[in-house]
Amino acid sequence: MTASRKFLKGNEAVVYGALAAGCRCYFGYPITPQNDIPELMSSEMVKVGGQFVQAESEVGAANMLLGAAACGVRAFTSSSSPGVSLMQEAISYMAGSELPGVIVNMARGGPGLGDIGSSQGDYFQAVKGGGHGDYRCYVLAPATCQEAYDHMIEAFDVAYAWRVPVLVLGDAILGQMKEPVTTWTPDVNADAGKDWRLEGASGRPERLLKSLFLEDGALAGHNAKLQTRYRDMQPLSRLETVGVDDAELVIVAFGTIGRIARSAASQLRKQGHKVGVARPVTLFPFPVAQLQALAVPGRRFLTIEQNCGQMVEDVRLALAGKAEVAFHGHLPGNLPNPDEFIQPILDALAAKA
Amino acid sequence: MTSINLAALQQEGYTEVATLPEVLADRPMHYCPGCHHGIAHRLVAEALEELGQVERTICVSSIGCSVFIYNYMHLDTVEAPHGRAAAVATGVKRARPDAFVFTYQGDGDLASIGLAESMHCANRGEKLSIVFINNTVYGMTGGQMAPTTLPGQKTTTSPGGRCASTEGLPLKMAEIMAGLGGVAYSARVATTSLKRIVEAKKAIKAAFQCQIDGRGFGFVELLSACPTNWRMTPLQANERVEKELIPYFPLGVFKDDANDPACSVSGGDS
């Protein structure tokens with residue numbers, strides 16, 4: 001493992017993280033605010049001898065990803081919210097066929113064409129399946145450019161270890177901001193997928209990757225297997241906490257909003273308010289046990305999201321009535337800043353929310 | 001599965017005149033009597049064997065009756081979503097440039113829901129092959145109107161017959177593909193008689209050869225019978241291909257860069 005320091009945009013960190021992870025195929029389609037990814041990939045992928053394809057649509061890109069993943073070759077696609085909606089078909093098929101595709105969503109405002117600013121309005125789509133059928137993606141929510149880099153490496157490892165699609169859910173803020181990133185190169189397990197990947201049936205029986213199960217009981221068995229896998233993945237869940245030990249109020253927020261909430265909490269700490277922050281780093285599996293452990297008597301929770309209230313439902317499910325959970329939604333379309341979170345936090349502290 | 005004791009039969013004086021290609025599974029097909037998928041499967045299998053491609057082949061199956069091609073071919077196979085086979089095949093070929101990659105798709109899949117994926121794959125000149133089965137209806141879902149349904153043809157969604165003024169005219173895919181820059185070979189064939197079957201196999205091998213030589217995208221359209229959804233006997237359906245389909249969908253080679261080097265988009269397999 002070799003490390004060096006670079007000054008990168010979040011979108012660029014995604015590219016270099018993927019290449020460090022051994023990604024050798026990229027399929028994309030232009031959409032703001034993730035265009036730096038296909039633009040940079042079009043030259044960087046060629047340098048490592050990989051394949052770059054500008055697809056005819058996000059539908060095409062996601063299905064090219066399905067094909068490359070079926071070959072056990074590390075590949076990913078990226079887009080932003082409206083484009084990721086178009087990819088849901090292929091993501092469902094990848095989940096059903098147990099294919100390790102990696103998808104990056106640098107989310108923007110919605111519904112519909114929305115805007116090109118940051119938003120967390122795709123939380124439900126990301127963590128509840130998104131397409132048809134009972135399936136989940138492993139979902140990472142980077143808050144820094146360093147995490148954007150590191151999460152791409154983790155995304156491929158998890159995708160291949162568990163044979164599930166992995167979604168990296170960033171937003172316009174993360175994609176466009178620039179920060180120092182320590183780049184590093186992991187050891188890639190070249191054997192991952194060697195017992196299922198397609199390469200031509202030379203000297204062995206043929207292999208089949210599919211999601212159609214028509215025989216009596218076959219689909220039920222397949223779904224049971226997938227559900228067991230999702231349950232077994234629960235220990236991979238992660239929650240980052242700051243200042244929660246003595247906190248009267250814990251703010252739960254993910255991605256860049258988790259980071260902005262931390263700035264607000266830090267300001268309030270200086271004024272003597274006992275406020276902590278809990279940031280889910282994995283959105284699926286959701287850090288249920290870690291959140292429950294924080295629900296001591298008398299402590300309240302406030303979920304802050306840049307949407308109209310999505311993750312708050314999972315926070316309430318996790319805490320199962322053991323603590324009060326208030327919600328503050330910063331509407332997509334407005335760029336958030338820490339000062340705007342101060343009053344909602346004070347209101348929640350005073351139990352007015 | 002029944003196995004034949006060839007040695008015993010030969011002792012009785014029988015002579016072996018034909019064998020199944022090894023890549024073709026020795027199992028009864030689910031296709032309806034008179035359906036041409038079985039012939040097409042066999043031609044693909046023979047072409048792969050004769051060109052020595054079986055062991056490096058990855059098949060991309062599509063949605064429709066032929067989704068089960070993987071039950072009949074001993075090939076590594078991935079199942080594509082409806083219409084997306086050409087995009088999936090692009091991903092497969094880019095990930096494994098040394099593999100021989102082909103899709104097998106019906107008319108609803110390729111020419112309707114998958115038109116964008118199919119045409120852009122062809123236009124990029126992906127080094128892969130598409131076997132396109134045109135039987136003028138959606139077969140598996142019960143005989144609805146397809147983009148290739150003939151004018152006046154009655155289907156479950158065009159009960160009065162396809163009306164050109166409201167439903168358009170059938171897409172001639174082999175001609176459309178021939179007009180795209182990345183296409184090295186495009187032909188339309190039929191499998192209604194022994195003579196046509198021989199020609200069809202020649203076309204499939206020519207399309208496959210484009211990929212082996214790295215010359216570009218190869219496309220073969222097979223006019224096929226669907227007796228069940230045409231409400232016909234196998235013989236009537238076979239006759240319909242000759243009398244109704246071929247006049248609208250002319251047979252022939254619409255592009256072959258082996259005969260026209262100016263059409264070639266690439267000097268070799270990249």
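What you see is a predicted model, and the numbers here were worked out from it, not measured in a lab. (Residues numbered from 1 in each chain as written. Chains lettered and ligands numbered in written order. Predicted model: local features only at pLDDT ≥ 70, side-chain atom pairs only at ≥ 80, totals over all residues.)

**Observations concerning the overall build of chain A**
Assigned secondary structure in chain A consists of 12 helices and 15 strands. For a compact globule of 353 residues, the expected C-alpha radius of gyration is about 20 Å, and chain A comes in at 20 Å, within 12% of that figure. Principal-axis analysis of the C-alpha atoms gives chain A an extent of 70 × 50 × 40 Å. Counting across all 353 residues of chain A, residues that qualify as buried make up 54%. Long-range contacts, defined here as pairs at least 24 residues apart, represent 79% of the contacts in chain A between residues at least 6 apart. (Helix = DSSP H or I, 4+ residues; strand = E, 2+ residues; numbered from the N terminus. Rg over C-alpha atoms; globule rule 2.2 N^0.38 Å. Buried ≥ 20, exposed ≤ 12 C-beta atoms within 10 Å, placed from the backbone. Contact = placed C-beta atoms within 7 Å.)

**Considering the overall build of chain B**
Check the secondary structure of chain B and you find 11 helices and nine strands. A compact globule built from 270 residues should have a C-alpha radius of gyration of about 18 Å, and chain B, at 18 Å, falls within 12% of that. C-alpha atoms of chain B, sized along the principal axes, occupy 65 × 50 × 35 Å. Relative to its 270 residues, chain B shows a buried fraction of 53%. Across chain B, every contact between residues at least 6 apart in sequence was considered, and the portion connecting residues at least 24 apart equals 68%.

**Some thoughts on the sheet that holds strand 5 (residues 102-107) of chain A**
All names here are of chain A. One open sheet holds the seven strands; their spatial order is 3-2-4-5-7-6-13, and the pairing between them is mixed. Of all the strands in the sheet, just strand 3 (51-54) and strand 13 (282-284) have a single pairing partner and so form its edges. Pairs of neighbouring strands in the sheet enclose a mean axial angle of 20°, with direction left out of account. Against the sheet, helix 4 (residues 81-96) contacts strand 4 (75-79) and strand 5, and its axis sits at roughly 155° relative to strand 5. (Pairing = 2+ DSSP bridges. Axes fitted to C-alpha atoms, helices over the stretch in contact; angles between N-to-C directions.)

**Regarding the interface of chain B and chain A**
Across the boundary between the two partners, chain B contributes 28 residues, which contact 34 residues of chain A. Here the side of chain B that touches chain A takes eight residues from helix 4 (residues 85-95) of chain B, the largest share from any one element. Residues that form the side of chain B that touches chain A fall into these classes: 14 nonpolar, six polar and eight charged. Judged from the two bridges that link them, strand 9 (residues 208-209) of chain A and strand 2 (residues 76-79) of chain B form a sheet pairing that is parallel. Bridge pairing links L209 of chain A to V78 of chain B in strand 2 of chain B. (Nonpolar A, V, L, I, M, F, W, Y, C, P; charged D, E, K, R; others polar.)

**A few points about the pairing of strand 7 (residues 166-171) of chain A**
All names here are of chain A. Burial within strand 7 is extensive, with six of its six residues counted as buried. The alternating pattern of strand 7 places V166, V168 and G170 and L167, L169 and D171 on opposite faces, both of which are buried. Where strand 6 (residues 138-140) lies against strand 7, three bridges are found, and the strand directions are parallel. Pairing of L140 across the sheet is with V168, part of strand 7. With helix 6 (residues 145-162) bridging strand 6 and the parallel strand 7, this β-α-β connection has right-handed handedness. (Right-handed = clockwise from strand over helix to strand, strands pointing away.)

**As for the confidence of the model for chain B**
Residues and elements named next belong to chain B. Mean pLDDT over chain B works out to 94, with 95% of the residues at or above the 70 mark. The low-confidence segment residues 263-270 (pLDDT under 50) makes 19 contacts with residues lying over four places distant or belonging to another chain. Two summary scores accompany this predicted model of the complex, namely pTM at 0.95 and ipTM at 0.96. (pLDDT = per-residue confidence, 0-100.)

**Digging into helix 6 of chain A**
Residue and element names in this part refer to chain A. Look at helix 6: 25 Å from first C-alpha to last across 18 residues, which is about the 26 Å you get at 1.5 Å a residue. With 13 of 18 residues buried, helix 6 is to be regarded as a mostly interior element. R163, located one to two residues past helix 6, shows a positive phi value of around 55°. (Expected span 1.5 Å × (residues − 1).)

**A short note on the environment of F100 of chain B**
All names here are of chain B. Assignment of secondary structure puts F100 in strand 3 (residues 100-106). Spatially, the C-alpha atom of F100 lies 7.4 Å from that of I212, the residues being 112 residues apart in sequence. Discounting residues that sit within four places of it in the chain, F100 has contacts with Q53, R56, T57 and Q211.

**Considerations on the domain arrangement of chain A**
Residue and element names in this part refer to chain A. For chain A, the assigned domains are domain 1 (3-234) and domain 2 (238-349). Once you take the C-alpha centre of each, domain 1 and domain 2 turn out to be 28 Å apart. Put simply, the parts of the chain that give the side of domain 1 that touches domain 2 at least two residues each are helix 5 (123-127), strand 6, strand 7 and helix 7 (172-176). Per-element accounting of the side of domain 1 that touches domain 2 gives the leading share, four residues, to helix 5. Of the residues that constitute the side of domain 1 that touches domain 2, the class distribution is 15 nonpolar, 11 polar and three charged. (Domains from an automatic or database assignment.)

**Section: the nonpolar core**
Residues L65, V139 and I251 of chain A together with V92 and F219 of chain B are the most contacted members of the largest nonpolar core, which totals 192 residues. If near-sequence neighbours (up to four positions away) are discounted, F219 of chain B is found in contact with A122, I130, F132, A174, M177, V183, Y185, S186 and A207 of chain B. (Core = buried A, V, L, I, M, F, W, Y, C linked by C-beta atoms within 7 Å.)

**Considerations on the sheet that holds strand 4 (residues 129-134) of chain B**
In sheet architecture, strand pairing relies on hydrogen bonds along the backbone and comes in two forms, parallel and antiparallel. One open sheet holds the eight strands; their spatial order is 9(A)-2(B)-1(B)-3(B)-4(B)-8(B)-7(B)-9(B), and the pairing between them is mixed. In this open sheet, the two edge strands, each paired with only one partner strand, are strand 9 of chain A together with strand 9 (252-256) of chain B. Looking at chain direction, strand 7 (residues 183-190) of chain B and strand 9 of chain B are connected through four bridges and run antiparallel. Its bridge partner lying in strand 9 of chain B, A187 of chain B is registered against V253 of chain B. Lying on the sheet, helix 4 of chain B is in contact with strand 1 (57-61), strand 2, strand 3 and strand 4 of chain B; it crosses strand 3 of chain B at an angle near 175°.

**Considerations on the environment of L150 of chain B**
Residues and elements named next belong to chain B. Its location among the elements puts L150 in the loop between strand 6 (144-145) and helix 7 (164-167). Here L150 falls in the partly exposed class, since 19 other C-beta atoms lie within 10 Å of it. Separated by 18 residues in the primary sequence, L150 and G168 place their C-alpha atoms 9.8 Å from one another. Discounting residues that sit within four places of it in the chain, L150 has contacts with T136, R162, P170, E244 and Y248.

**Considering the environment of V312 of chain A**
Residues and elements named next belong to chain A. Within the secondary structure, V312 is located in helix 11 (residues 311-319). Between the alpha carbons of V312 and M106 there is a distance of 21 Å; along the sequence they are 206 residues apart. Those residues within four positions of V312 in sequence are excluded, and the remaining contacts are T303, E305, V325 and F327.

**Structural notes on the packing of helix 3 (residues 58-70) of chain A against helix 4 of chain A**
Residue and element names in this part refer to chain A. Interaxial distance between helix 3 and helix 4 falls to 8 Å at its minimum, and their mutual angle equals 25°. Overall, the two elements helix 3 and helix 4 adopt an arrangement that is roughly parallel. Our pair here, helix 3 against helix 4, has a crossing hand that is right-handed. Contact residues: E58, V59, A62, N63, L65, L66 and A69 in helix 3; G83, L86, M87, E89, A90, I91, Y93 and M94 in helix 4. The residue inventory of the contact of helix 3 with helix 4, partitioned by class, reads 11 nonpolar, two polar and two charged. (Parallel < 35°, antiparallel > 145°, perpendicular 65-115°, else oblique. Left-handed = near helix turned anticlockwise from the far one by under 90°.)

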